[in-house]
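# Results of the structural survey
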Amino acid sequence: MCRWFAYISPTEPCLLHDVLIAPTHSLTNQIHDHYLPGLIHSNPSLPSSDHLITARNVLYNLDGLGIAWYTSSNSDFELGSTGKSSDGSLKEGLRPASYKTIQPPGKDANFRSICANTETRVLMAHIRAASGTAITPVNNHPFLFGRHSFMHNGVVSDFAAIKIHLCQKLSRASYAAVQGGTDSEHMAALYMSLLTNFSEDEGAFDREFSVEEMVGAMHAMVAAVVELQIALLGPRAKPNSLNLCTTDGVKMLAYRFRNHATQEPPSLYYSTTAGTTLNRKYPGHPDGNERPDGSVRVERVGLRAVEDHGKHIIIASEPSTYKEREWTLIPKNSYVVASQADGVVVKAIPYKDEWNTEDPMA
């Protein structure tokens, strides 16, 4: 399965290098290394009835990297307060810039240069383990629809069998925006179709929608995928692993879902404190206070007070600090919403027992 990392804060930017490269267990090192506190299989002394949970988390993620960082550059260069712009459309606030590559992130000089010199208050980053579609940058997450970004870890089971039917559920604008062939991008297009109420205006992708509208569209998208599989495949329908994340640059929504009675989805965690540990301006170190040789790390001087760090949330497939207390495992079939109005909210996904399917690999 893939791995992803998301950060959002209304006030506190992060340096991409600090969160994506510097930590020993940064996203770029989760290509082959995994740290999964709180999951049964991460403690070998405890038996697990879900023996495939390891398989849903420890594949090599070698098939591509993508990042989307939100910036105000476009709105900063609008023509004063006249409401005019170079292309005739006024884009206020943050918008996503992106970089995608199929080079290993540790060897990609362009990626490392971007990370060393870019700060942002909203970030989505993803490393890919392909599940049958081409290894090419266009298939890398996150997928952008105007101001909205979307990424996924997991798999839509039997996607080839339902793809044509799923495409028939898309708005014309969302269908036209699909550039690759992944199950993830098609889910993103269905989510955007539902979010924009099937508007045929591409400008709808630049609208900001309410938290309730975002959550409702995500619920409806997941329900549509599962119910389409059951309708077309009947008892042959298999479970999906859907760890999903979307943001409009102001709010963030993440989903941890698997439609099986007992099996866990891939790992997904959140933290409202790890951003401080990951920020070089503040005390602490993502790898802990003790070095591998046993010596104690010396704190940098002149650092800001921890309490001065702005409110934020990180949602990630795996913790990027080795401070387990900083991270909370998101429960199975739950979602997390982060917004300025309501802070961080975790709720259960509306779930129907008839969605449960059998895993032939169990």
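Our subject is the structure listed above.
The shown structure was predicted, so the numbers you read here are calculated from the model rather than taken from an experiment. (Residues numbered from 1 in each chain as written. Predicted model: local features only at pLDDT ≥ 70, side-chain atom pairs only at ≥ 80, totals over all residues. Heavy atoms only, no water.)

In the structure shown here, the tally under the stated rule is three cavities of 30 Å³ or more. Put simply, the second largest cavity is a space of about 40 Å³. Together, Tyr7, Cys14, Leu15, Asp18, Val19, Gly275, Leu278, Asn279 and Ile314 line the second largest cavity. Looking at the lining of the second largest cavity, the elements that each hand over two or more residues are β2 (14–15), α1 (16–20) and α8 (274–278). (1 Å grid on protein atoms, 1.4 Å probe; cavity = no way out; pocket = protein on both sides within 12 Å on 5 of 7 lines; lining within 4 Å. Points joined across faces, edges and corners; volume = space filled by probe spheres on them. Helix = DSSP H or I, 4+ residues; strand = E, 2+ residues; numbered from the N terminus.)

What follows covers the pairing of strand β8 (residues 148–155). In terms of burial, β8 is a largely internal element, seven of the eight residues being buried. Examined bridge by bridge, strand β7 (residues 143–145) and β8 share three bridges and lie antiparallel to one another. By the bridge assignment for β8, Phe145 is matched with His148. Between β7 and β8, which pair antiparallel in sequence order, lie two residues; one of them, Gly146, sits at a positive phi of approximately 60°. (Buried < 20%, exposed > 50% of the residue type's maximum accessible area, 1.4 Å probe, protein only. Pairing = 2+ DSSP bridges.)

Turning our attention to the packing of aromatic side chains. With the rule as written, the count across this model stands at six aromatic pairs. Both rings, one in Phe145 and one in Phe205, keep their centres 5.6 Å apart while their planes meet at 90°; by these two values the pair is edge-to-face. Here the residue Phe145 occupies a position in strand β7, and Phe205 occupies one in the loop between α6 (183–195) and α7 (211–233), the gap between them amounting to 60 residues. Pair check on accessibility: Phe145 and Phe205 agree, each one buried. When the ring of Phe257 is compared with that of Trp355, the centres are 6.2 Å apart and the planes differ by 70°; the resulting orientation is edge-to-face. Separated by 98 residues along the polypeptide, Phe257 in strand β10 (residues 252–258) and Trp355 in the segment after β15 (343–348) bring together distant segments of the chain. Aromatic ring contacts, followed pair by pair, group Phe257, Tyr351 and Trp355 into a single cluster. (Phe/Tyr/Trp six-rings, centres within 6.5 Å; stacked < 30°, edge-to-face > 60°.)

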